[in-house]
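Each chain, written out:
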Amino acid sequence: MGREGILFRYCGPFTIVLLFLLVALTASCGGPLVINTWGSAFGKATAKAWSILQSGGSALDAVEKGCTECEIAQCDGSVGFGGSPDELGETTLDAMIMNGNTMNVGAVADLRCIKNAIGVARAVMEHTKHTFLVGESASMFAQDMGFPAENLTTDKSLSIYSTWLNHSCQPNFWKNVVPDASKFCGPYRPAKGLNDGKWNISQKILNVKNHDTIGMIVIDGAGNIAAGTSTNGATHKIPGRVGDSPIAGAGAYADSTCGGAAATGNGDIMMRFLPSYQAVEYMRMGIDPATACQKVISRIQQYVPAFFGAVICASANGNYVVPRKALELAPAEMVLLSNPSEEEAPL
């Protein structure tokens, strides 16, 4: 948090809680590093990734297994099965993983009936010459690769969907349609006139409880960098919608020669600016992680002042930073969770 917070020299499995002010936590370490975009339930993912490194696993292994842990735990309901039902009540998953040594990427989107989305993304990377598979075809590929077909719907997701229907399908992601999407459910058809083109963001739609992602950056002891994401997307999204999470350069990006970055927040906005790629490119130019992340956030804010989201950055030498720009989340502080067995020494 710059001069406002406490940093620790221990470079273990840090979990970062992103909050509503645009400030930054900056620290440095010379050893393995695991950074994850959120705290609370997401801490299990960070701890899992760290355990993989400690047992000799690669940065890529750590990212996959760390994000898988969040998929299993249904972190905050925004990752994995049983969360964020779309307008038809279905939960679908998006994920990507990137190898910063080879620049290879595997990604899936609109994945159905398969719980381990980031595992399928890695299978795309390692068993095909493609980068990105989507929809039912991605699910068929996953089953061919040995991933079991399972129901992603739960009683909780059905309840969320039922409540939404009973409240006239509010909120939703439609605009310039009739009937009035702010008052009625669809089906919709195009309205004759369009709005003025401003970037309107409904505070009712976008908040940490219904629009989030796990993004993770890992640097192993040999300096190899990997990054990945997993999410079930925006709650009440229009079926077929894909946000930034599975898109290389938007949801996450890694290059072992200079650093890694991952993003979280309003993916429909963030994917238009490729913030993770841009942050890594700034670090390639010699710009420190704090400035790199601040620059990409500031660029988005030039167009979207009400932007909801954040980017985490880690350079190849182990410096890392978390700029914070999100909606009103509480408590208003940044929290670091590290391995309790390690001694924490303030800088």
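Here, the structure is the one placed above.
Nothing here was measured: the structure is a model prediction, and the numbers come from that model. (Residues numbered from 1 in each chain as written. Predicted model: local features only at pLDDT ≥ 70, side-chain atom pairs only at ≥ 80, totals over all residues. Heavy atoms only, no water.)

### Here we look at the overall build of the chain
Now for step 1: The number of helices and strands found in the chain is eight helices and 14 strands.
Now for step 2: Within the chain, the proportion of its 347 residues that are buried is 55%.
Now for step 3: Sequence separation of at least 24 residues holds for 65% of the intrachain contacts in the chain that already meet a minimum separation of 6. (Helix = DSSP H or I, 4+ residues; strand = E, 2+ residues; numbered from the N terminus. Buried < 20%, exposed > 50% of the residue type's maximum accessible area, 1.4 Å probe, protein only. Contact = heavy atoms within 4.5 Å.)

### Notes on the state of the cysteines
Now for step 1: On inspection of all chains with the given rule, the structure shows two disulfides.
Now for step 2: Through a disulfide, C169 is tied to C185; the S-S separation comes to 1.9 Å. The sign of the 95° torsion about the S-S bond sets the C169-C185 disulfide as right-handed. Of the two residues, C169 sits in the loop between α5 (155–166) and β7 (177–178) while C185 sits in the loop between β7 and β8 (189–190), which places them 16 residues apart along the sequence.
Now for step 3: Take C185: its relative accessible area is 27%, and that puts it in the partly exposed class.
Now for step 4: In this model C293 forms its disulfide with C313; the gap between the sulfur atoms is 1.9 Å. Across the disulfide from C293 to C313, rotation about the S-S bond amounts to roughly 115°, and the bridge is consequently right-handed. Of this pair, C293 sits in helix α8 (residues 289–303) while C313 sits in strand β13 (residues 309–315); the two residues are 20 residues apart in sequence, bridging distant segments of the chain.
Now for step 5: Residue classification places C313 among the buried positions, given a relative accessible area of 0%. (Disulfide = S-S within 2.5 Å.)

### Observations regarding unusual backbone geometry
Now for step 1: In this structure, P171 follows Q170 across a cis peptide bond, with omega equal to -5°.
Now for step 2: Tracing the backbone through its elements, the reader meets P171 in the loop between α5 and β7.
Now for step 3: For the bond running from G186 to P187, omega is 10°, close enough to zero to count as cis.
Now for step 4: Examined against the element boundaries, P187 turns out to sit in the loop between β7 and β8.
Now for step 5: The phi dihedral of C169 falls on the positive side, at around 60°, and the residue is not glycine.
Now for step 6: Notably, N176 is not glycine yet its phi reads approximately 55°, a positive angle.
Now for step 7: On the secondary structure map, N176 appears in the loop between α5 and β7.
Now for step 8: Its relative accessible area of 23% is what places N176 among the partly exposed residues.

### Points about the packing of aromatic side chains
Now for step 1: Counted by the stated rule, this structure contains four aromatic pairs.
Now for step 2: Seen from their ring centres, Y253 and Y277 are 5.2 Å apart, and the 85° between their planes marks the pair as edge-to-face. On the criterion of sequence distance, the pair formed by Y253 in strand β11 (residues 252–255) and Y277 in helix α7 (residues 275–284) is long-range, its members being 24 residues apart.
Now for step 3: Its relative accessible area of 13% is what places Y253 among the buried residues.
Now for step 4: With a centroid separation of 5.7 Å and 50° between ring planes, the pair formed by F273 and Y303 is classed as tilted. You can see F273 sitting in the loop between α6 (267–270) and α7 and its partner Y303 sitting in helix α8, a full 30 residues away along the chain.
Now for step 5: Overall, the relative accessible area of 9% leaves F273 in the buried class. (Phe/Tyr/Trp six-rings, centres within 6.5 Å; stacked < 30°, edge-to-face > 60°.)

### As for helix α2 (residues 59–73)
Quick reminder: α-helices carry 3.6 residues per turn. Residues three or four places apart thus point the same way.
Now for step 1: Compared with an ideal rise of 1.5 Å per residue, which puts 15 residues at 21 Å, α2 spans 21 Å between its outermost C-alpha atoms and is within 8% of the ideal.
Now for step 2: Residues of α2 that are buried sit in contact with α1 (43–54), β4 (93–99), α3 (117–127), β9 (214–219) and β10 (225–231).
Now for step 3: Of the residues trailing α2, Q74 is marked for its positive phi of about 55°. (Expected span 1.5 Å × (residues − 1).)

### Observations regarding the packing of α3 against helix α4 (residues 135–144)
Now for step 1: Remark: α3 packs on α4, axes separated minimally by 10 Å, with the N-to-C direction vectors making an angle of 80°. On the basis of their axis angle, the class for α3 and α4 is roughly perpendicular. Across the interface between the two elements, V120, A123 and V124 from α3 touch A138, F141 and A142 from α4.
Now for step 2: Class assignment for the residues of the contact of α3 with α4 results in six nonpolar, no polar and no charged. (Axes fitted to C-alpha atoms, helices over the stretch in contact; angles between N-to-C directions. Parallel < 35°, antiparallel > 145°, perpendicular 65-115°, else oblique. Nonpolar A, V, L, I, M, F, W, Y, C, P; charged D, E, K, R; others polar.)

### Description of the nonpolar core
Now for step 1: V108, L111, V120, I214, M216 and V218 are the most contacted members of the largest nonpolar core, which has 39 residues in total.
Now for step 2: Top contributing element to this core by residue count: α3, with seven residues.
Now for step 3: The residues touching L111, leaving out its near neighbours within four places in the chain, are T91, T92, L93, A117, V120, A138, S139 and L152.
Now for step 4: Core analysis: the second largest hydrophobic core is formed by 38 residues, F273, Y282, A290 and C313 among them. (Core = buried A, V, L, I, M, F, W, Y, C linked by side-chain atoms within 4.5 Å.)

### A short note on the pairing of β10
Now for step 1: Here β10 lies mainly inside the structure; seven of its seven residues are buried.
Now for step 2: Neither face of β10 is exposed, since I225, A227, T229 and T231 on one face and A226, G228 and S230 on the opposite face are all buried.
Now for step 3: Pairing of β4 with β10 involves six bridges; the strand directions are antiparallel. Bridge pairing in β10 links A95 to S230.
Now for step 4: The pairing of β9 with β10 spans six bridges and is classified as antiparallel. Considered in β10, the bridge of M216 is made with G228.
Now for step 5: Between the end of β9 and the start of β10, which pair antiparallel, lie five residues, with G223 showing a positive phi angle near 85°. (Pairing = 2+ DSSP bridges.)

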